Amino acid sequence: MGAVMLDRMTLYPVADDVLFAPGGRVVIRTYGVASAASTEDDGAGPVSYRTWVTGVRDQPRYWRWHHFEDARHGHRKVLEWLTGRGPQPQPPAAVAG
């Protein structure tokens with residue numbers, strides 16, 4: 001998160017899931033994050049939404065979403081992909097991982 005410390009961030013939980021696989025547990029977390037300064041000024045700072053997946057292929061993967069509804073829908077698509085019921089999600093922003 002660069003020079004901004006986690007204690008200066010406001011996290012907005014969207015969804016959390018845990019899958020148990022033969023190789024271990026897979027955690028899927030979707031949340032919004034905003035700097036505390038931007039939310040204190042007028043209460044309407046920009047929020048960046050992300051889905052993080054840990055426990056897959058020995059390294060975390062993440063997706064970025066533009067809006068809350070994109071994040072909710074994207075979380076569901078990531079779950080479908082991980083359980084073999086759908087293709088790997090392609091969010092509006094670049095996929096990293």
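Details of the structure are given in the entry above.
Residues numbered from 1 in each chain as written. Predicted model: local features only at pLDDT ≥ 70, side-chain atom pairs only at ≥ 80, totals over all residues. Heavy atoms only, no water.

Time to look at the sheet that holds strand β2 (residues 24–35). Here 4 strands make up an open sheet; going across it, the order is β1-β2-β3-β4 and the pairing antiparallel. In the strand order of this sheet, the two ends are held by β1 (9–21) and β4 (61–65), each with one partner. Sheet twist, expressed as the average angle between the axes of neighbouring strands with direction ignored, equals 15°. As paired strands, β1 and β2 are joined by 12 bridges and run antiparallel to one another. Each bridged residue has a counterpart across the sheet, and for aspartate 16 the counterpart in β2 is arginine 29. (Pairing = 2+ DSSP bridges. Helix = DSSP H or I, 4+ residues; strand = E, 2+ residues; numbered from the N terminus. Axes fitted to C-alpha atoms, helices over the stretch in contact; angles between N-to-C directions.)

Turning to the pattern of salt bridges, a few remarks are in order. Inspection of every chain in the model, using the stated rule, returns 4 salt bridges. Across the pair arginine 76 and glutamate 80 runs a salt bridge, and its minimum N-O distance is 3.6 Å. Here arginine 76 pairs with glutamate 80, and both are found in helix α2 (residues 68–82), just 4 residues apart, close to one helical turn. We note a salt bridge from lysine 77 to glutamate 80, for which the minimum N-O separation is 3.6 Å. Of the two residues, lysine 77 and glutamate 80 are both situated in helix α2; the distance of 3 residues between them amounts to about one turn of the helix. The structure contains a network of salt bridges with shared partners spanning Arg76, Lys77 and Glu80. (Salt bridge = Lys/Arg side-chain N within 4 Å of Asp/Glu carboxyl O.)

Quick look at α2 now. Spanning 15 residues, α2 covers 21 Å between terminal C-alpha atoms, matching the ideal 21 Å at 1.5 Å per step. Every buried residue of α2 is accounted for by Ala71, Gly74, His75, Val78, Leu79, Glu80 and Trp81. Looking at the buried residues of α2, the elements they touch are β1, β2, β3 (48–54) and β4. (Expected span 1.5 Å × (residues − 1). Buried < 20%, exposed > 50% of the residue type's maximum accessible area, 1.4 Å probe, protein only. Contact = heavy atoms within 4.5 Å.)

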